[in-house]
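# Structural description and commentary
Chain by chain, the residues run as shown.
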2 protein chains.
Amino acid sequence: MTLKVIAYAHNGHTDKFGIPRQSREESPILTRIVFEPEFRVAEALRGIEHFSHLWLLWGFSELSSLTANAERPQDKPAVGLSWSPTVRPPRLGGNKRMGVFATRSPFRPNPIGLSSVRLVKVQRKKVQGAKSSLELIVSGADLLDGTPIYDIKPYLSFSDSHEDAQNGFAEDTKNRTLEVDWNGLEVASIPARHWTDAIRREISYILSQDPRPGYQDDPEREYKMDYGGWRIIFVVEGARVIVKKVEKV
Amino acid sequence: MTLKVIAYAHNGHTDKFGIPRQSREESPILTRIVFEPEFRVAEALRGIEHFSHLWLLWGFSELSSLTANAERPQDKPAVGLSWSPTVRPPRLGGNKRMGVFATRSPFRPNPIGLSSVRLVKVQRKKVQGAKSSLELIVSGADLLDGTPIYDIKPYLSFSDSHEDAQNGFAEDTKNRTLEVDWNGLEVASIPARHWTDAIRREISYILSQDPRPGYQDDPEREYKMDYGGWRIIFVVEGARVIVKKVEKV
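These numbers were taken from a predicted model, which means no experiment stands behind them. (Residues numbered from 1 in each chain as written. Chains lettered and ligands numbered in written order. Predicted model: local features only at pLDDT ≥ 70, side-chain atom pairs only at ≥ 80, totals over all residues.)

Let's shift gears to the interface of chain A and chain B. The interface is formed by 61 residues belonging to chain A together with 61 residues belonging to chain B. For the side of chain A that touches chain B, the secondary structure elements donating two or more residues are β3 (53–59), β5 (98–99), β6 (112–125), β8 (148–154) and α2 (157–160) of chain A. The dominant element in the side of chain A that touches chain B, judged by the number of residues it contributes, is β8 of chain A, at five residues. Class assignment of the residues belonging to the side of chain A that touches chain B gives a composition of 28 nonpolar, 20 polar and 13 charged. (Contact = placed C-beta atoms within 7 Å. Helix = DSSP H or I, 4+ residues; strand = E, 2+ residues; numbered from the N terminus. Nonpolar A, V, L, I, M, F, W, Y, C, P; charged D, E, K, R; others polar.)

Right, here's the structure in full:
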């Protein structure tokens, strides 16, 4: 089967670094799903606004595969995707191997990702002299900006929800979050007129999810992460992220 | 992106008729996921037994598309798949149109299906003189026998479960089931040694899900459904399925 791209995802994750490892209900990250011309058909979304959640089926790009460097088998190339029977999930510190079908790793035979997101808004815009644009605004997606979307399905709780499912190796770390400390920030470095509560909330969320590649625990190390046109420079001490600096990229 | 078949599903649904419309937790239907030689690598499943539920990404075949005849737009061919912006979901009686992305219809741009299933067993068999076989036994799949599988992922409750999701047009009918009445059955017609409690439970479940194509309400009409080597002949009176006859196919 050959897949056609029906839409592209657009959000602040222009940098592979910082993309949450799974979609999460509580994520405030907004993503626009922008349909390709062939699929810019408002009728195809009729009734979708009555669903609170959607499934996105999407493609791991070469760039997004780099986010998974920590779990990449060492005998595999750094770019491009090739499948590997075992991978090293970042959740397990990057030093234990699991079967690829027991993980959500990109290094799978068919590199399709699956994410449930909250539907925020259906946006139909009439553009004068051009074909109308058609977008879905969703929250909670764990996608890189520019990710190709192959399918959108309604979430059906009676079929898709298993509240008590056993999460295997992911169980122990599912609620591991970091506290985010903004007190050490040089506020003077931020052009205040562009810095909104929303962007701060989004960046706080991303940092709380521990965006460090694999498991690293060097409190001396400064990390850089770009999001939404901002570069965040931070260190991690124990379970606390200390934001040092924010710059406009 | 071009997808490779990693496995095939095998179960009693040799007939397009009777396949449940969605995967359901309570379904007793067992399905074997049999890996293709290239992917018959036991290591690729390491750790999977610690997950209670899995996702299957699979392909709607031409045959399975026939199950959706009721929702097929009348200007589309009966076999083969082509996408349509709107479809008529069987749940809505087959006479209301919904946008294809608001449904799980097969008539989508990329005909990939998504089902959550319960993992029952990982089966690694050494076959003398041949490559070992590798299978997953799962329950609850809404798949036709022979369905190609493109991906298997662990179900992560903290990311995938939204117990209170709003189910749009599917909400009203999500618990609509029929009562199954075996009292009118000619028992003499069944070779008893092959007729197990398990098969009866499976067939009862399928009938309770109302396998009639679209919404039909003619109590005179006799329906035939094949499952697991059996042909079931039944009528439906109101909310009751009356099994008339069971034959070996």
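With that settled, the discussion passes to the relation of the copies chain A and chain B. Relative to chain B, chain A is turned by 180° and slid 0.0 Å along the rotation axis, the superposed coordinates differing by an RMSD of 0.0 Å. Here the transformation between the copies is reduced to the relation of a two-fold axis. Both copies present the same face, since 100% of the interface residues in chain A are matched by interface residues at the equivalent positions in chain B. (Least-squares fit on C-alpha atoms with pLDDT ≥ 70 in both.)

The biggest cluster of nonpolar side chains holds 84 residues, and the ones touching the most others in it are L54, L56 and I149 of chain A together with L54, L56 and I149 of chain B. For L56 of chain B, the contacting residues outside a window of four places in its chain are S115, V117, A141, I149 and I152 of chain B. (Core = buried A, V, L, I, M, F, W, Y, C linked by C-beta atoms within 7 Å. Buried ≥ 20, exposed ≤ 12 C-beta atoms within 10 Å, placed from the backbone.)

Okay, the domain arrangement of chain A next. All names here are of chain A. Domain boundaries in chain A define domain 1 (7–60 + 111–160) and domain 2 (179–248). With centres defined by C-alpha atoms, the gap from domain 1 to domain 2 works out at 26 Å. Taken together, the ten residues of domain 1 in the interface contact ten residues of domain 2. Class assignment of the residues belonging to the side of domain 1 that touches domain 2 gives a composition of four nonpolar, five polar and one charged. (Domains from an automatic or database assignment.)

In this section: helix α3 (residues 197–208) of chain B. Residue and element names in this part refer to chain B. For α3, with twelve residues, the first-to-last C-alpha span of 16 Å sits near the 16 Å given by 1.5 Å per residue. Looking only at α3, the buried set comprises E202, I203, I206 and L207. Angularly, the buried residues of α3 cover 130° about the axis, an arc narrow enough to put them on a single face. Away from its buried face, by an angle of more than 90 degrees, α3 presents the exposed residues D197, A198 and R201. Packed against the buried residues of α3 are β9 (179–181), β10 (223–227), β11 (230–237) and β12 (240–248). One or two positions beyond α3, positive phi appears at D210, with a value near 60°. (Expected span 1.5 Å × (residues − 1). Arc of directions from axis to C-beta.)

Turning to the sheet that holds strand β8 (residues 148–154) of chain B, a few remarks are in order. Residues and elements named next belong to chain B. With respect to topology, six strands assemble into a closed barrel ordered β1-β2-β7-β6-β3-β8, the strand pairing being antiparallel. Sheet twist, expressed as the average angle between the axes of neighbouring strands with direction ignored, equals 45°. The pairing of strand β6 (residues 112–125) with strand β7 (residues 133–139) spans seven bridges and is classified as antiparallel. Bridge assignment links L119 to a residue of β7, and that residue is V138. (Pairing = 2+ DSSP bridges. Axes fitted to C-alpha atoms, helices over the stretch in contact; angles between N-to-C directions.)

Attention shifts here to the pairing of strand β10 (residues 223–227) of chain A. Residues and elements named next belong to chain A. Of the pairings in the sheet, the one linking β10 to strand β11 (residues 230–237) comprises five bridges and is antiparallel in character. Note that in β11 the partner of D226 across the bridge is R231. Connecting the antiparallel pair β10 and β11 is a turn made up of two residues, with G228 showing a positive phi of about 60°.

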